[in-house]
Each structure stands twice: as structure tokens, then as C-alpha cells.
Amino acid sequence: MPIAKLADVEVSALLAEFPDWTLRADGKALERKFKFKDFNAAFGFMTRVALYADKHDHHPEWFNVYNRVEITLTTHDADGLSARDAAMVRAIGEML
Ligand code: H2B
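Residues numbered from 1 in each chain as written. Predicted model: local features only at pLDDT ≥ 70, side-chain atom pairs only at ≥ 80, totals over all residues. Heavy atoms only, no water.

1. Remarks on the overall build of the protein
Regarding its fold elements, the protein presents three helices and four strands. In terms of overall size, the protein behaves like a compact globule, its C-alpha atoms giving a radius of gyration of 13 Å where 96 residues would be expected to give roughly 12 Å. In terms of principal-axis extent, the alpha carbons of the protein reach across some 40 × 25 × 20 Å. For the protein, with 96 residues in total, the buried portion stands at 38%. Pairs at least 24 residues apart make up 61% of the contacts formed inside the protein by residues separated by at least 6 positions. If you sum the accessible surface of the protein, you get close to 5900 Å²; carbon and sulfur atoms cover 55% of it. (Helix = DSSP H or I, 4+ residues; strand = E, 2+ residues; numbered from the N terminus. Rg over C-alpha atoms; globule rule 2.2 N^0.38 Å. Buried < 20%, exposed > 50% of the residue type's maximum accessible area, 1.4 Å probe, protein only. Contact = heavy atoms within 4.5 Å. Areas by Shrake-Rupley, 256 points an atom, 1.4 Å probe, with all protein chains shown as cover.)

Shown next, in the form of C-alpha cells:
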């Protein structure tokens, strides 16, 4: 089901509030790289994100090797960024 795309000014405000996230070159996704103490810490974090994703039906594109996690957030149903990504950025910040 389609969902509204964030306006450019909303994306700018989000990036200003969460400077650890960067806008992908095509402007359709947010990216962030995380590094943890070890795999246990990384996977614990991923588990928290996974539970959030399941609850909100909004899923990250991600990559993990040992203590590194890379997350890309986008909304396929909006072909870009939506309020769901903004909410997830906010939630992830509280899972660290
Ligand atoms: N996750 C993300 N990141 N973007 C989506 O558009 C999306 C999703 N859509 N998870 C959901 C699932 C949709 O496919 C289901 C049918 O609600």
C-alpha cells in the first residue's frame, strides 16, 4: 500500500537531528554503519531491531559480519523515505 514520501525539508531535518545517518546517493534511503564490542553485542542489537521491525512491519536492509552491522532504511511502498523510516531511525537510536 502506498505511503507518503517525506518532503525534502523533512529529510533535511531528520539528517540534522541524526547526524550518524547519511542519505544514500539516490536520496531514497538512509544508511549507517555500526561497530560493537563483539558478535554477541552486534547480534543483541540486531535482535532488538528485528523485534521492532516485526512489530511495525517495516524491515531494514542490513549486513552483518562479526561486530559490524550496516543498515539501510527505505520504504519500498513509497519508493523512498517515509515516516516509517524516520520512526525507525529514532527507535534504533534508543536500542544502542
Ligand atoms: N519494509 C520496508 N523497509 N519497506 C516497505 O515498504 C515494507 C517493509 N513494506 N516491510 C511492508 C513490509 C510490506 O511489504 C508488507 C506487505 O506490509
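2. Some thoughts on the site of the ligand
In the region of the ligand, the neighbouring residues are Asp57, His58, His59, Thr74, Thr75, His76 and Asp77. Between the ligand and Asp57 there is a distance of 2.4 Å, counted from an oxygen atom to a side-chain nitrogen or oxygen. Residue His76 places a main-chain N or O atom 3.0 Å away from an oxygen atom belonging to the ligand. Taken by itself the ligand offers 390 Å² of open surface, and the protein chains cover 66% of this. Within the shell around the ligand, the residues separate by chemical class into no nonpolar, five polar and two charged. (Near = heavy atom within 4 Å. Polar contact = N/O pair within 3.5 Å; in protein donor to acceptor, adjacent residues only side chain to side chain. Nonpolar A, V, L, I, M, F, W, Y, C, P; charged D, E, K, R; others polar.)

3. Overview of the pattern of salt bridges
Enumeration over the complete set of coordinates arrives at seven salt bridges. Among the ionic pairs, Arg90 bridges to Glu17, the shortest N-O distance being 2.9 Å. Taken together, the residues Arg90 in helix H3 (residues 83-93) and Glu17 in helix H1 (residues 8-17) connect sequence positions 73 residues apart. Note that Asp20 is salt-bridged to Arg32, the shortest N-O span being 3.4 Å. Here Asp20 is found in the loop between H1 and strand S1 (22-23), whereas its partner Arg32 is found in strand S2 (residues 30-35), with twelve residues between them in sequence. Since its relative accessible area comes to 15%, Arg32 is described here as buried. (Salt bridge = Lys/Arg side-chain N within 4 Å of Asp/Glu carboxyl O.)

Treat this as a map of the structure, not an account of what it does.
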